[in-house]
Each structure stands twice: as structure tokens, then as C-alpha cells.
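Examination of the molecular architecture
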Amino acid sequence: MSAYLKEYQWAQTQPESFWQSQSEKINWFEKPQTTLSLDENGIDRWFADGVMNTAWLALDYHCENGRGNKNAIIYDSPVTQTKQTFTYFELRDQVAKLAGMLAKQGVEKGDRVIIYMPMIPQAAMAMLACARLGAIHSVVFGGFAPNELAVRIEDAEPKVIMTASCGIEINKVLPYKPLVDKAIMDSRWKPEKVVVFQREQAKAELNNERDLDWVYEVDKALPHACVPVFATEPLYILYTSGTTGKPKGVVRDNGGHAVAMKYSMQTIYDMPQDGVFWAASDVGWVVGHSYIVYAPLIHGCTTLLFEGKPVRTPDPGAFWRVCEEYNVDVLFSAPTAFRAIKKEDPDGKLLKHYDLSKLKSIFMAGERLDPPTLEWVEAHSGKPVIDHWWQTETGWAIAGNPIGLEKMSVKSGSATKPIPGYQVEVLDELGEKLEANRQGFVALKRPLPPGCLPTVWRNHDRFESGYLSQFEGYYVSGDGGYFDEEGYLFIMGRIDDVINVAGHRLSTGEMEEIVGAHPAIAECAVVGVHDELKGQLPLGFVVLKDGVKVDDLQLEGELVGKVRNEIGAVACFKHALVVERLPKTRSGKILRRTIRQIADGEQYVVPSTIDDPSSLNEIENRLRK
Ligand code: COA
Ligand code: AMP
């Protein structure tokens, strides 16, 4: 039997024995006596009576076990021309003082802290300082507009917000503090303190007692020890797009997460402990949480924090330069990043300038790895390129090619096979298991493995109704897909109103709410259409209220501005087309899927339930214009 199959079957048939054995690989303050149990909501929980601290595992443990002088973080910032390293000793000491500073501001175990920061080491330190105190961090991606931040402030009710004076994008400095001030002003919940890390590119004004200077306060603080927490206590909340305007606060626990992170580094990434791991993402996304901060540090290797882009910082050779310069073992990013590189350097000329002999493999996630990108990266880098499928909710890969166990052959377009611990099934509408090559709902049989969300922050009903109630005994992923006859899993895209733009998960439902609130609009539909570079881009179709006369271009400009102001530039909402009516079923449901198929130039079947088939012609004509 293959090594993969052996391990897969062990995890499937004896999950408790399997995960108990994995839990031995992390250092507990008190080892769990219970491996799997049910909580008050009837949800499976891992290691409920284990006591530990995630920051301890990520820092102190290594300092006490001979790895203190090794680099924990390498920071490379082409946008500020900065390179910096922090050893495990240095990082632990800075995090301990930062935790001391937060404790002085009254932050205790269970309190929430929002972190709204660019890709600088202080962002990772802030996360670890919260973990050290047993406080719950919630990182908000810097590209989100104040409205998105305000929604998260209201939901998480943080005692403190940690931010930096600015972020730096390609050729522009973006002051953050005014965004934070606006978000707090618009939010019903007011944090007690805002701690600001001043960057020289744009200093922030600290205008009242609420605002604190990060460096000044940390200098005065005393180091704080790690606070023991139960495995099931939350480590963080990470908001992700759902089908409505209100994002879902995915809750991650401490113990299961740490065990899963450790397991994934060995099994999925085959990562040597003395190596360098680089997840070219952002701490605002789940990839950043798991694979810029927690997993590499818990594993005891070096993580790379890159404040730049795959292109234009300064050129499409940036990824390869960084891999050579720091002897990166494993590179992980989104396919869109490689499509951007391919667009600007189609023959991979810049890649040839760098020695990539140390690089062992390239992992991709965030969206489906399209076959042309897979082939291009494989051909030019000469490295194994591995697609793996996961989501904010799971925190680590559900399916992939676990090269630490066994390298299976790659099938273009497939995320390979379920990772041990996950029981993936493809179901039809009635919850019946589908045979090979038939597409359906991709669902995970419960119990979910350690690391996956146990609830939605302060809204358990939303967890039940959004994920668990559709098929009894299953978690519904929101993705559609199929298994082939060899058990390879193909994820074909979302079956709800969520789209992926440049690897960023966004809600078309939320965009519709914003567009639909414009006074001229009677109704609208926003669909995700195919884009060569970013995978998908949102496209709006709007119907005007009777009697309203507006210039189409002016209206489009206003709608684009509204989405940009309320969600942020990352939404990339650039077009809204005026139509007489939207295609609908006789019961009034907008046929978004058909609209998307038309926009993508795909063959489509006119739904038998359509109310007015001529509405489809109008969409076609409007797109042709
Ligand atoms: N803070 C503020 N603004 C941000 C931001 C941040 N952290 N990240 C992006 N933005 C802004 C950009 O400046 C841009 O603004 P603009 O419309 O004024 O130009 C807008 O949001 C869109 O950004 P992006 O989607 O990143 O497009 P881009 O053209 O600047 O870059 C790529 C395209 C493909 C290079 C880039 O999206 C990329 O590197 N993607 C990698 C994906 C990734 O890391 N995904 C995470 C999951 S693994
Ligand atoms: P996020 O929660 O932002 O990580 O987005 C998760 C969603 O991204 C998934 O539900 C999928 O729709 C998509 N996704 C992530 N990785 C992959 C992949 N390897 N293949 C296909 N889709 C993916």
C-alpha cells in the first residue's frame, strides 16, 4: 500500500489515534487527555483539555531548544529598499515586550485586538503578541476600505487596534491612520486605544489620548510571559466574504491549529526545519496567517515576509531574486502572481539570471491553478509545481499532493487528492454521493480535522445554516467539483456568490448591495467573469428606476467609485452596464450563472424556467457594444 494511502486510511478509520499521535509533535503545557469531544453546540473539538500557548510554540520553545540564534523572520521590502532579519531570540524578546505593552493597555486573555497593517515584521509581531496573551487577534487586510474595517470593528469589538502610519503599494504611499479614524468614527463600537507604528514614508498624526506611538510605548513596557490557554480557546478571528455584505468571522482555535500547522509543514510541504519558507501573500489573508506566520515558526524554520509584488517591484524577476538571495526551499503563492510574471516576462528571461538550485517546490492556492500557468511555471522553473485547495475556514489544505508522504503524479487542473484527515465527498442536491467524473457539491464529512473552524464569531447559527445544515453530517465547502476515476479531485469554482479576484475572495452579493443602493438603480446583478490575469473580475448589470435619465458612463463612474470606497480598490469593480431588464426565472430569481456564461462567451442552455428569453439577447448585445 502506498505511504499516502496508508496514512490516509489511518486518519479516516481511526481519527483519534491519528491526531493524538500528531499532537505529540508539539510542546504542550499540559498534554490533552481527550483527543476528540463535542462542545456545547454539538461541534467536534480537538484536544479540549490540552493547555498550551501558540506564541510559546512559535518562539520560546525554539529559543529553549537551541534555535534561538537562527533567523525566524527575513523581511525583504523592495518598496522601501529594506532588508532585515530577526532571530528567534530577537523576535521572542520583541514580541514579549509588545505583549507587555498591550497588557498595560488592559488587553487580557479573550479580548480582541484588530490588526490593520501592511506587510512589515511588526504585523507578525502584533499577531504573536496577542497570541502570547491569549488575546484574540483579527487581522484586516490593508487593501480594505474604512467601511469594511468598521464592519469588522463592530463585530469583533476590539479593545485595541494596532496599525501602521502607512502602507506602500507600487509607486504609492497609502496613509492608514485616516482610514482607521474614519472606520472608528463610522463604527458603533469604539476601541479604547489605537497603537500606531510610525513609518518614515508618511507619519501619522496622533491626536488624542486614544492614539499611542508603538515604539515609544514598547520601549517603556516590560516583557510579558506566555499565558496558558486551553486548546479550544480562540487564537484569532479572520473575516471572509460570504454571500451577503456582512463578512463571516471565521474562528480559529489554538491547539488544533498548532497541531495542523505542524503536520502540514512536514506532510504537505516536506519542509526541512533548517530551511526557508516563503509564502508570497499578505498577513491579511489566511495564507498569510498560516504560512507566513504560524506554521513556519511553529515548525522552527525561517519565514520570509515580502513587502512587494511579483511584478513592478521592480520587475518580474522579483520572486526569483528573493528565492536565490535567501535560499528559499519552498515558495507558495497564488496562480495570479505567476500569470502577472508570465505576462511581463513570457519567456522567463529574468528567471535565468538567478540560481534556483535550492528551491525544491512551488505551491499554489487561492484559486484553481489553470493548466497554462502550471505548464509555464513548470517549464521555466524546472521545479515541481503543486496545486492545493483550501479556504479561510479550514486554515490549511483540504486537498493537495502531500510530497512529505509521497509525491503523486500531477494531473493538470486537479488539486490531487484529499489530505489525510479530510474526508472529501462530492454530493448531489439530495446529499447522495456522486460517482466518478460527475460534478456536484464538494463536501467534507465530519468530524473536520484539527485547525478547521468550530464556529462563526458570535453567530453560531450562521455556521450551522451556512455550512452544516445542507447535508447532515457534512460541512459544505461552497465549491463545486468532481473526482475522476483515480480519485483525483478537480475543484471547478464556487457555487455561491463568492468570486476570486487575484486570489482575493470577494462577495458579489456585497457588491450588489452597494450598487443597488445607488438612487438611480432599480435592481442589479454582479457576476464574476473570466480574466486572463486576475482569474475573475466583477462585472455589473444594472436596471434603472423608471423615469431616471442618467448618462451611462457617468453612472458607471459613480458605481465604480462607490464599490471602491466601500469595499476597497482590491474589489477591482470597473464596469457596470445598463440593461432594460435582467434575465430571471418565472419565480423572479436572477439567472446569474447564465449571465456569467454569456459574458465568458461559453455555450449555455436557456433555462427552462426563464421568464423572458429575450432578456438574454439583451445581455449579449450589451456586451458586444
Ligand atoms: N493596501 C492597499 N491597497 C492595496 C493593497 C494593500 N495591501 N493591495 C492591493 N491594493 C490595491 C492596489 O494598489 C490596487 O489599487 P489601484 O486600483 O488603485 O491600482 C488595487 O488594490 C488592486 O490590487 P491588485 O489586485 O493587487 O492588483 P495589481 O494590479 O496591483 O497587482 C497582482 C496584480 C496579480 C500582481 C497582485 O494582485 C498580486 O500580487 N497577487 C498575488 C495574490 C495574492 O497574494 N493572493 C493572496 C492569496 S495566496
Ligand atoms: P479563501 O477563503 O480566500 O482562501 O478562498 C477560498 C476559495 O478559493 C475556495 O473556496 C475556492 O473557491 C478557491 N480556491 C482556493 N484554492 C483553490 C485551488 N487550489 N483550486 C481551486 N480553487 C481554490
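An unreviewed UniProt entry annotates the protein as Propionyl-CoA synthetase of Vibrio gallaecicus. Here the protein is described in UniProt, under the heading Sequence similarities (unreviewed entry), as follows: "Belongs to the ATP-dependent AMP-binding enzyme family."

1. Things to note about empty space enclosed by the protein
In total, this model carries 3 cavities of 30 Å³ or more according to the counting rule given. Of the voids in this model, the largest cavity is the one considered here, and its volume is about 150 Å³. Along the walls of the largest cavity sit 16 residues, with Ile43, Asp44, Leu448, Leu453 and Pro454 positioned nearest its centre. Elements represented by at least two residues in the lining of the largest cavity include exactly strand 2 (44–46) and helix 14 (460–468). Broken down by element, the residue count for the lining of the largest cavity peaks at 3 residues, all from strand 2. For the lining of the largest cavity, the class distribution of residues is 11 nonpolar, 1 polar and 4 charged. Within this model, the second largest cavity holds a volume of roughly 60 Å³. As for the second largest cavity, its lining consists of Leu369, Leu374, Val385, Ile386, Asp387, Asn401, Val410, Lys411, Gly413, Ser414 and Thr416. Considering each element in turn, the lining of the second largest cavity owes the most residues, 3 residues, to strand 20 (residues 385–387). Here the residues of the lining of the second largest cavity sort into 5 nonpolar, 4 polar and 2 charged.

2. Quick notes on the site of ligand 1
Taken together, 24 residues sit near ligand 1, with Glu169, Lys172, Pro310, Lys534 and Arg564 positioned nearest. In the environment of ligand 1, an oxygen atom lies 2.9 Å from a nitrogen or oxygen atom belonging to the side chain of Lys534. The separation between an oxygen atom of ligand 1 and a polar main-chain atom of Val570 is 3.4 Å. In the complex, 85% of the free accessible area of ligand 1, which totals 950 Å², lies under the protein chains.

3. Quick notes on the pairing of strand 10 (residues 172–175)
Inspection of the sheet shows strand 9 (residues 166–169) paired to strand 10 by 4 bridges, in the antiparallel sense. For Gly167, the partnering residue across the bridge sits in strand 10 and is Leu174. Between strand 9 and strand 10, which follow one another and run antiparallel, lie 2 residues, and Asn171 among them has a positive phi close to 60°.

4. A few points about the UniProt feature "domain: AMP-dependent synthetase/ligase" (unreviewed entry) in the protein
Mapped onto this numbering, the UniProt entry annotates "domain: AMP-dependent synthetase/ligase" (unreviewed entry) at residues 66–447. In residues 66–447, the share of helix is 30% and the share of strand is 24%. The end C-alpha atoms are 37 Å apart.

5. Digging into the pattern of salt bridges
A full pass over the atoms with the stated rule returns 41 salt bridges. Two residues, Asp155 and Lys246, come together in a salt bridge whose shortest N-O distance is 3.0 Å. In this pair, Asp155 sits in helix 6 (residues 146–156) while Lys246 sits in the loop between strand 14 (234–240) and strand 15 (248–253), placing the two residues 91 residues apart along the sequence. A salt bridge links Glu523 to Lys584; the nearest nitrogen and oxygen atoms lie 2.9 Å apart. With Glu523 in strand 29 (residues 521–531) and Lys584 in the loop between strand 31 (576–578) and helix 17 (592–599), this pair connects stretches of sequence that are 61 residues apart. A single salt-bridge network, built from bridges that share partners, covers Asp76, Lys83, Arg321 and Glu325.

6. A short note on the sheet that holds strand 20
As summarised here, the arrangement of the 7 strands in space is 5-4-17-16-18-19-20, forming an open sheet in which the pairing is mixed. Strand pairing shows two members of the sheet lacking a second neighbour, strand 5 (82–87) and strand 20, which therefore form its edges. Averaged over neighbouring strand pairs, the angle between their axes works out to 20° when direction is ignored. By the bridge criterion, 6 bridges tie strand 4 (residues 71–77) to strand 5 in an arrangement that is antiparallel. Paired with Ser77 across the two strands is Thr82, which belongs to strand 5. Strands in contact with helix 11 (residues 318–325) are strand 4, strand 5, strand 16 (276–279), strand 17 (302–306), strand 18 (330–333) and strand 19 (361–364); relative to strand 17, the strand with the most contacts, it is inclined by about 150°.

7. A short note on the side chain of His504
Note that His504 resides in strand 28 (residues 504–507). Look past the residues within four positions of His504 in its chain and what remains in contact with it is Trp285, Ile499 and Val570.

8. Section: the site of ligand 2
Inspection of the region around ligand 2 gives 15 residues, with Asp387, Thr392, Asp479, Arg494 and Arg505 positioned closest. The contact in question runs from a nitrogen atom of ligand 2 to an N or O atom on the backbone of His388, over 2.7 Å. With respect to ligand 2, the side chain of Asn500 contributes an N or O atom lying 3.1 Å from an oxygen atom.

Calculation criteria
Residues numbered from 1 in each chain as written. Chains lettered and ligands numbered in written order. Predicted model: local features only at pLDDT ≥ 70, side-chain atom pairs only at ≥ 80, totals over all residues. Heavy atoms only, no water. UniProt positions renumbered as here; feature names shortened; annotations may be inferred. 1 Å grid on protein atoms, 1.4 Å probe; cavity = no way out; pocket = protein on both sides within 12 Å on 5 of 7 lines; lining within 4 Å. Points joined across faces, edges and corners; volume = space filled by probe spheres on them. Helix = DSSP H or I, 4+ residues; strand = E, 2+ residues; numbered from the N terminus. Nonpolar A, V, L, I, M, F, W, Y, C, P; charged D, E, K, R; others polar. Near = heavy atom within 4 Å. Polar contact = N/O pair within 3.5 Å; in protein donor to acceptor, adjacent residues only side chain to side chain. Areas by Shrake-Rupley, 256 points an atom, 1.4 Å probe, with all protein chains shown as cover. Pairing = 2+ DSSP bridges. Salt bridge = Lys/Arg side-chain N within 4 Å of Asp/Glu carboxyl O. Axes fitted to C-alpha atoms, helices over the stretch in contact; angles between N-to-C directions. Contact = heavy atoms within 4.5 Å.

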